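# Residue-level structure breakdown
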Amino acid sequence: MHRFSVGAHVKLAIVGGGPAGLYLSILLKRQDPTHDIAVYERNPEGSTYGWGVTYWAGLLDKLRAGDPESAAAVAEASVTWTDGVAIVRDERTVHRGDAGFGIGRRRMLGLLADRARELGVRVEFEHDIPGPDAPELAGADLVVAADGVNSALRAAHADRFGPTITSGRNHYIWLGTTKVFDSFSFAFKETEHGWIWCYAYGFSGERSTCVVECSPETWQGLGLDTRGEADSLNLLEKLFHDLLDGHELIGRDRADAAAQWLTFRTLTTRTWHHGNLVLLGDAAHTTHYSIGAGTTLALEDALALAEALRGHTDLDAALTTYGKRRRAELVSAQSAARYSAQWYENLPRYMALEPAKMFALLGQRHSPLLPHIPPQLYYRLDRAAEQLQPLRRLKRWLGPHLARAVHGRH
């Protein structure tokens, strides 16, 4: 039986130097400075995929409670926006919304790594841990698999963790741009091969993120399945010229190579720990990027795991509590992500609406009711529900019940 108590000499190995792994090391070192904590990251320091990440104000409150110093550094390095802007075909519409935040992924990782080192954590880059038998993990009281959706540690015990991965239908590519957006922006363009669209948001004073998505038919029809990166970016810049205002798109500096198009993989796991090995962040779960919650959920995992370890001296009890709590808390986010991904996979269903109405339904894409009601009727129902409380209650009740009935038939 593994014990995990304040004051005991506890050895922790965290595999994966993403936001969740680094932040967990900070939280646990703050809880007990005597803990021997190492973070192993296979990539070089300062190299990371992605451009910027998004989060909302509620996360900052949680980070301040966990570690005020790193929270202040993240907040200072972030940019903010309040509105959503959409260009549909060539018509622009604005939607007022809550404040959101963006920060460069590389910047966030640098801040967290610096804070972890300051507290005495050993952060080792270019240090691959290929599996659970690696010598660095020998003698560890707790091993944290924070090594992403392709987790080698989870794969070694796949029968125990019970992972399920489902691939989305659409293709997407993660890009940067020199255009600095001051709102969360969308552009939907109709081509002779179907719709293609872009999500864009700022993450610094010099750069923004652009995620471009389309159906497989559009992807192939536009030749994006065979074009090199430079050729692909040139085509996308022309398609989204009014969104980008003449600014360039930035890939991964592989102009002669194939562009990095992906299909999103949604991961769920049946259980989150086996012995003294526990899953964290993308190693345990993923949620579709269109709800902008991946980094937030990973950091919330770290907060929940640290709290569970603080509240139990028995390691198995702590890890069981952590897994049960987070699986329960993720239900609503995973549902929202599933419906959001399906909304985009069925985009043509909504594009006959005038742009303001289409954008209103984009904001409702998490609804389990929306796929089952004609879009024009849903829009009228939603507007009426804003005025009539009984209709609001009916709408909230009907969506999940209708969704369960439909899934039950399948």
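Rules used in this analysis
- Residues numbered from 1 in each chain as written.
- Predicted model: local features only at pLDDT ≥ 70, side-chain atom pairs only at ≥ 80, totals over all residues.
- Heavy atoms only, no water.
- Helix = DSSP H or I, 4+ residues; strand = E, 2+ residues; numbered from the N terminus.
- Rg over C-alpha atoms; globule rule 2.2 N^0.38 Å.
- Buried < 20%, exposed > 50% of the residue type's maximum accessible area, 1.4 Å probe, protein only.
- Areas by Shrake-Rupley, 256 points an atom, 1.4 Å probe, with all protein chains shown as cover.
- Lys, Arg positive; Asp, Glu negative; His and termini not counted.
- Charge placed at Lys NZ, Arg CZ, Asp CG, Glu CD.
- Pairing = 2+ DSSP bridges.
- Contact = heavy atoms within 4.5 Å.
- Axes fitted to C-alpha atoms, helices over the stretch in contact; angles between N-to-C directions.
- Phe/Tyr/Trp six-rings, centres within 6.5 Å; stacked < 30°, edge-to-face > 60°.
- Lys NZ or Arg CZ within 6 Å of the ring centre and 35° of its normal.
- Parallel < 35°, antiparallel > 145°, perpendicular 65-115°, else oblique.
- Left-handed = near helix turned anticlockwise from the far one by under 90°.

## Side note on the overall build of the chain
A count of helical and extended segments in the chain gives 14 helices and 16 strands. In terms of overall dimensions, the chain is globule-like: its C-alpha atoms have a radius of gyration of 22 Å, near the 22 Å expected for 410 residues. C-alpha extents for the chain along the principal axes are approximately 65 × 55 × 40 Å. The burial tally for the chain puts 53% of its 410 residues in the buried class. As displayed, the chain offers around 18400 Å² of accessible surface, 51% of which is attributable to carbon and sulfur atoms. For the chain, the distance from the average site of its 45 positive side-chain charges to the average site of its 48 negative ones is 8 Å.

## Thoughts on the sheet that holds strand β2 (residues 36-40)
On the basis of which strands lie adjacent, the open sheet formed by six strands has the order β6-β2-β1-β7-β16-β15 and mixed pairing. Each edge of the sheet is formed by a strand with only one pairing partner; in this case those strands are β6 (122-124) and β15 (273-274). Across the sheet, helix α1 (residues 19-31) lies against β1 (11-15), β2, β6 and β7 (142-145), angled at about 170° from β2, the strand it touches most.

## Some details on the packing of aromatic side chains
By the definition in use, this model includes 18 aromatic pairs. Ring centres of Tyr172 and Tyr289 lie 4.5 Å apart, and the angle between their planes is 45°; this geometry places the pair in the tilted category. With Tyr172 in strand β9 (residues 171-177) and Tyr289 in the loop between β16 (277-279) and α10 (294-311), this residue pair connects regions lying 117 residues apart in the sequence. Taken individually, Tyr172 and Tyr289 each receive the classification buried, so the pair is uniform in this respect. For Arg338, the ring lying beneath its charged end belongs to Tyr339, and the centroid distance is 5.5 Å.

## Details of the pairing of strand β5 (residues 91-104)
Across five bridges, the pairing between strand β3 (residues 52-56) and β5 is antiparallel. Across the sheet, Gly52 pairs through a bridge with Gly104, a residue of β5. Examined bridge by bridge, strand β4 (residues 79-88) and β5 share nine bridges and lie antiparallel to one another. In the sheet register, Trp81 faces β5, and the bridge partner there is Gly100. The hairpin turn running from β4 into β5, its antiparallel successor, is two residues long, and Arg89 in that turn takes a positive phi close to 55°.

## Some words on the packing of α1 against helix α4 (residues 105-119)
To characterise two packed helices, one gives the angle between the axes of the helices and the distance between these axes. Packing of α1 against α4 brings their axes to within 9 Å, and their N-to-C directions diverge by 25°. Between α1 and α4, the interaxial angle falls into the category roughly parallel. Remark: the crossing between α1 and α4 carries left-handed chirality. For the pair α1 and α4, the contacting residues are Pro19, Leu22, Tyr23, Ser25, Ile26, Lys29 and Arg30 in the first and Arg105, Met108, Leu109, Leu112, Ala113, Arg115, Ala116 and Leu119 in the second.

## Thoughts on unusual backbone geometry
Look at Glu126: it is not a glycine, yet its phi comes out positive at around 50°. One can find Glu126 in the loop between β6 and β7. Of the residues examined, Glu126 reaches a relative accessible area of 61% and is grouped as exposed. Residues other than glycine seldom take positive phi values, yet Asp245 does so here, at roughly 55°. Take Asp245: it is sitting in the loop between α9 (241-244) and β13 (249-250).

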